[in-house]
Amino acid sequence: MTISYDITWDLDPTARGFRGRTAVRFCGTPSHAQLAASHLRHARLNGRDVPWDGARVALDAAGELEVDADFAWADDRGFRRVRADGATYLYTLQYPDRAPWSFCALDQRARSEFALTVNAPGLVLASSTETPIAPYALAAAAGPWEQVAEQVYATGSRAAQRPDGEAVSRRVREAIAFFEDLLEVPFPYGKCEALFVPDLPHLAFSSPGLILFDDAVLDALATREPLYATTVLSHEVAHAWSGNLVDAEPWLVEALATYLSRLATEHLLPGTDPWQLPPNAPWPDRPYAPHLARVRAMEDALGRPALLRALRTYFRRYAHTDAGWAEFKACLRE
Ligand SMILES: [Zn+2]
């Protein structure tokens, strides 16, 4: 099923909610689209009204669905609205299945084409949409963000942290160059912006071309050891390949991103041992230790050169598609 979305968001941070218009063209015969709006202005399939039951828009044909609706700000889905240093900032939280809180969505895992128009005061940052991406991977942010370094943005009060911003910018570029060289697959998107947002419910979210980090990461960069910063930044950059370029089961996505980030850290911080993390130190990828152990077992069995060959094949062969453990295992056997 080919799906193409044209989304327009009108975001006024002082309003009680926001307006989202979705024009989605699709073939195939899905029975419904998902829409978690607070109010529907209209939903029309090929020009005629179709019913919405509060969660689903019923579909009975392929073609073009036009939905014009109002949405509420929410803490954990759709658009999150946060106050920081006297200003209001907006950013999306779509992962893993929360797109319908900001636009009308068909299959939330299906890679789709996106055209995005964001009408909002301040600076607007959004995912790269030059290649098909899944609805949950689409991210956008609007507000009086300040640029703190090349392709690095943060809230106004963080603008003073220019040295940290420059360190982020440099590390991100170094990680990209390392992975391009290692994987022999170019960075898949036209840009790699890092945006530090207040109160992100997770530590970070890597969308194609736009990585959201929680503000706390910026503080940690200033106060913690370089091993921490390099591991966190290179993990999120690695998701450009593992997760965004090729999506798979969550454990495999995290296993490969964690493994790749360890390789990057080993290279970027010579003399450190990223495979042996300080015990008891809060380390964000610690929950992925069992996943990483599986990849390390493959490395032990095959040797690192063979594992890297399989990774190169996997990311090249399945670029811009979803390919899970079965496909990766086949690459390992070649
Ligand atoms: Zn991750």
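Digging into helix H3 (residues 226–238)
Because each turn of an α-helix spans 3.6 residues, side chains separated by three or four positions in sequence point in the same direction.
Now for step 1: In a regular helix each residue adds 1.5 Å, so 13 residues correspond to 18 Å; H3 covers 18 Å between its end C-alpha atoms and thus fits that length.
Now for step 2: Summarising burial for H3: 11 of the 13 residues are buried, a large majority.
Now for step 3: Within H3, burial applies to Tyr228, Ala229, Thr230, Thr231, Val232, Leu233, Ser234, His235, Glu236, Val237 and Ala238.
Now for step 4: Where H3 is buried, its residues contact helix H1 (162–183), strand E16 (204–207), strand E17 (210–214), helix H2 (215–223) and helix H4 (250–268).

Focus on the domain arrangement of the protein
Now for step 1: Partitioning the protein into structural domains gives domain 1 (3–140) and domain 2 (154–333).
Now for step 2: One C-alpha centre belongs to domain 1, the other to domain 2, and the line joining them spans 28 Å.
Now for step 3: Contact residues are listed per partner, giving 22 residues for domain 1 and 22 residues for domain 2.
Now for step 4: Of the residues belonging to the side of domain 1 that touches domain 2, the class tally is 15 nonpolar, three polar and four charged.

Quick notes on the sheet that holds strand E12 (residues 140–143)
Now for step 1: Reading across the sheet, the four strands line up as E8-E9-E12-E11 and stay open at both edges, with antiparallel pairing between neighbours. The open sheet is flanked by strand E8 (78–84) and strand E11 (123–126), the only strands paired with a single partner. Between one strand and the next, the sheet's axes are offset by a mean angle of 15°, whatever the strand orientation.
Now for step 2: Relative to E12, strand E9 (residues 87–93) is paired through two bridges, and the arrangement is antiparallel. For leucine 90, the partnering residue across the bridge sits in E12 and is alanine 142.

As for the nonpolar core
Now for step 1: Judged by nonpolar contacts, the single largest core of 95 residues is most densely connected at Cys104, Ala141, Phe179, Leu195 and Leu212.
Now for step 2: For this core, the leading source of residues is H4, giving nine residues.
Now for step 3: Structurally, this core is a two-domain feature, drawing no fewer than three residues from each of domain 1 (3–140) and domain 2 (154–333).
Now for step 4: Other than its neighbours up to four places away in sequence, alanine 141 contacts Leu90, Tyr91, Leu125, Leu195 and Val197.

A closer look at the packing of H3 against H4
Two quantities define a packed helix pair, namely the angle between the helix axes and the distance between the axes.
Now for step 1: Running from N to C, H3 and H4 point in directions that differ by 135°, and their axes come no closer than 8 Å. Judged by the inter-axis angle, H3 sits oblique to H4. In the crossing of H3 with H4, the sense of the turn from one axis to the other is right-handed. Touching Leu227, Thr230, Thr231, Ser234, His235 and Ala238 of H3 are Ala257, Thr258, Leu260, Ser261, Ala264, Thr265 and Leu268, all from H4.

As for the packing of H1 against H2
Now for step 1: Orientation of H1 relative to H2, taken along the N-to-C sense of each, is 95°, at an axis distance of 10 Å. The orientation of H1 with respect to H2, classified from their angle, is roughly perpendicular. Judged by residue contacts, Asp164, Ala167 and Val168 of H1 engage Leu218, Leu221 and Ala222 from H2.
Now for step 2: A per-class count over the contact of H1 with H2 returns five nonpolar, no polar and one charged.

A few points about the sheet that holds E17
Now for step 1: As summarised here, the arrangement of the five strands in space is E13-E14-E15-E17-E16, forming an open sheet in which the pairing is mixed. Across the chains shown, the open sheet's two edge strands, defined by having one partner strand only, are strand E13 (146–149) and E16. On average, each strand axis in the sheet is tilted by 25° relative to the strand beside it, whichever way the strands run.
Now for step 2: One ladder, built from three bridges, connects E13 with strand E14 (residues 152–154); its direction is antiparallel. By the bridge assignment, glutamate 146 is partnered in E14 with alanine 154.
Now for step 3: In the packing of H1 onto the sheet, the strands contacted are E13, E14 and strand E15 (193–197), and the crossing angle to E13 comes to about 65°.

So, helix H6 (residues 304–317)
Now for step 1: The end-to-end C-alpha separation of H6 is 20 Å, in line with the 20 Å expected for 14 residues at 1.5 Å each.
Now for step 2: Along H6, the positions that sit buried rather than exposed are Leu311, Tyr314 and Phe315. End-on, the buried residues of H6 take up no more than an arc of 90°, which puts them together on one face.
Now for step 3: Elements in contact with the buried residues of H6: H1, strand E18 (246–247) and helix H7 (325–333).

Description of the environment of serine 127
Now for step 1: Within the secondary structure layout, serine 127 lies in the loop between E11 and E12.
Now for step 2: For serine 127, a count of 23 C-beta atoms within 10 Å gives the class buried.
Now for step 3: Considered as a pair, serine 127 and glycine 190 are 63 residues apart in the sequence and their alpha carbons are 10 Å apart.
Now for step 4: Among all residues touching serine 127, those that are not within four sequence positions of it are Ile133, Ala137, Leu138, Ala139, Ser207, Pro208, Gly209 and Leu210.

Rules of the game
- Residues numbered from 1 in each chain as written.
- Predicted model: local features only at pLDDT ≥ 70, side-chain atom pairs only at ≥ 80, totals over all residues.
- Helix = DSSP H or I, 4+ residues; strand = E, 2+ residues; numbered from the N terminus.
- Expected span 1.5 Å × (residues − 1).
- Buried ≥ 20, exposed ≤ 12 C-beta atoms within 10 Å, placed from the backbone.
- Contact = placed C-beta atoms within 7 Å.
- Domains from an automatic or database assignment.
- Nonpolar A, V, L, I, M, F, W, Y, C, P; charged D, E, K, R; others polar.
- Pairing = 2+ DSSP bridges.
- Axes fitted to C-alpha atoms, helices over the stretch in contact; angles between N-to-C directions.
- Core = buried A, V, L, I, M, F, W, Y, C linked by C-beta atoms within 7 Å.
- Parallel < 35°, antiparallel > 145°, perpendicular 65-115°, else oblique.
- Left-handed = near helix turned anticlockwise from the far one by under 90°.
- Arc of directions from axis to C-beta.

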